[in-house]
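Results of the structural survey
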Amino acid sequence: MFGLLVPLSIISSGWVIWRSNRVLSWPIQLSTDFKLQQEFHVWRKANYRICVYCSALAEQQHLKTLLQSGNLVQVALAENLAAVSLDYFAEPVFRPGIVSTAEWGNIVLGGDKVGQDIADFAGDPAKHYTITCSTIRSAPELDQMHPKLTIALDPLEGESDMVLNLLLWCAAAVSAIVALVSAGIYVAIGKRPA
């Protein structure tokens, strides 16, 4: 029985990782008058984050100044034509000569991407959503970096999945140890003279 728990725990762990890493994304243009409307479903009841990301191979400090003048896009979310409440992130505030954390706002710099976190929302897989994205600030340099509108799990949701994953791996390890010990005892009892 414990031998069966090992592969089941590993399969469950793989499923948790797959469900945490899913991302919905659509290419957008950071040029005036661009508008995207897309229908989608989320894959579990959780908090989700709406972002705009660009592939960034350039020097990121330079790109930060391009992102500091406010949001690049405006988003609206609806479910069956009713507006869905969005929890918007503070936009970056750029004031020459004044250094403050407010100048970072919702800017994301890291790895091979740069962008802005726009808003969070509570998603329900039973609902049918429509997102509308409009470019409100043209950024030709960023537009060349393959910008995408993305919807992914809120990072805090990912942390709870990591804890679940750790528990599944611990269950697999304990099950494997118990199965090996039980098999050893069974073999030892079977070899005893009658």
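Anything mentioned here points back to the structure above.
Attention in this report is confined to the structure presented alongside it. Since the structure is predicted, the reported quantities are computational estimates derived from the model, not experimental observations.

**Some details on the packing of aromatic side chains**
Under the definition given, this model contains six aromatic pairs. For the pair F40 and F121, a centre-to-centre distance of 6.4 Å together with 70° between the ring planes defines the contact as edge-to-face. With F40 in strand 2 (residues 35-40) and F121 in strand 8 (residues 113-123), this residue pair connects regions lying 81 residues apart in the sequence. Accessibility assignment for this pair places F40 and F121 in one class, buried.

**Quick notes on the nonpolar core**
Side chains of nonpolar character tend, in soluble globular proteins, to be buried together. In terms of nonpolar packing, the biggest core is built from 37 residues, with I28, F40, V73, F121, L142, L149 and I151 touching the most fellow members. Of all the secondary structure elements, the ones that give two or more residues to this core are strand 1 (23-27), strand 2, strand 3 (46-55), helix 2 (60-67), strand 4 (73-79), strand 8, strand 9 (129-135) and strand 10 (148-153). Excluding residues within four positions of it along the chain, V73 makes contact with I28, L30, V52, I118, C133, S134, T135 and I136.

**Comments concerning the pattern of salt bridges**
Oppositely charged side chains can pair when the atoms bearing their charge come close. Counted by the stated rule, this structure contains three salt bridges. One salt bridge in this structure joins D124 and K45, with 4.0 Å as the shortest N-O distance. A residue pair is termed long-range when its members are at least 10 positions apart, and D124 in the loop between strand 8 and strand 9 and K45 in the loop between strand 2 and strand 3 qualify at 79 residues. A relative accessible area of 65% places K45 in the exposed class. Here D120 makes a salt bridge to R49, at a shortest N to O gap of 2.9 Å. Within this pair, whereas D120 is found in strand 8, its partner R49 is found in strand 3, the two being separated by 71 residues in sequence. Neither D120 nor R49 differs from the other in exposure class; each is buried. One network of salt bridges, in which partners are shared, links R49, D117 and D120.

Conventions we followed
- Residues numbered from 1 in each chain as written.
- Predicted model: local features only at pLDDT ≥ 70, side-chain atom pairs only at ≥ 80, totals over all residues.
- Heavy atoms only, no water.
- Phe/Tyr/Trp six-rings, centres within 6.5 Å; stacked < 30°, edge-to-face > 60°.
- Helix = DSSP H or I, 4+ residues; strand = E, 2+ residues; numbered from the N terminus.
- Buried < 20%, exposed > 50% of the residue type's maximum accessible area, 1.4 Å probe, protein only.
- Core = buried A, V, L, I, M, F, W, Y, C linked by side-chain atoms within 4.5 Å.
- Contact = heavy atoms within 4.5 Å.
- Salt bridge = Lys/Arg side-chain N within 4 Å of Asp/Glu carboxyl O.

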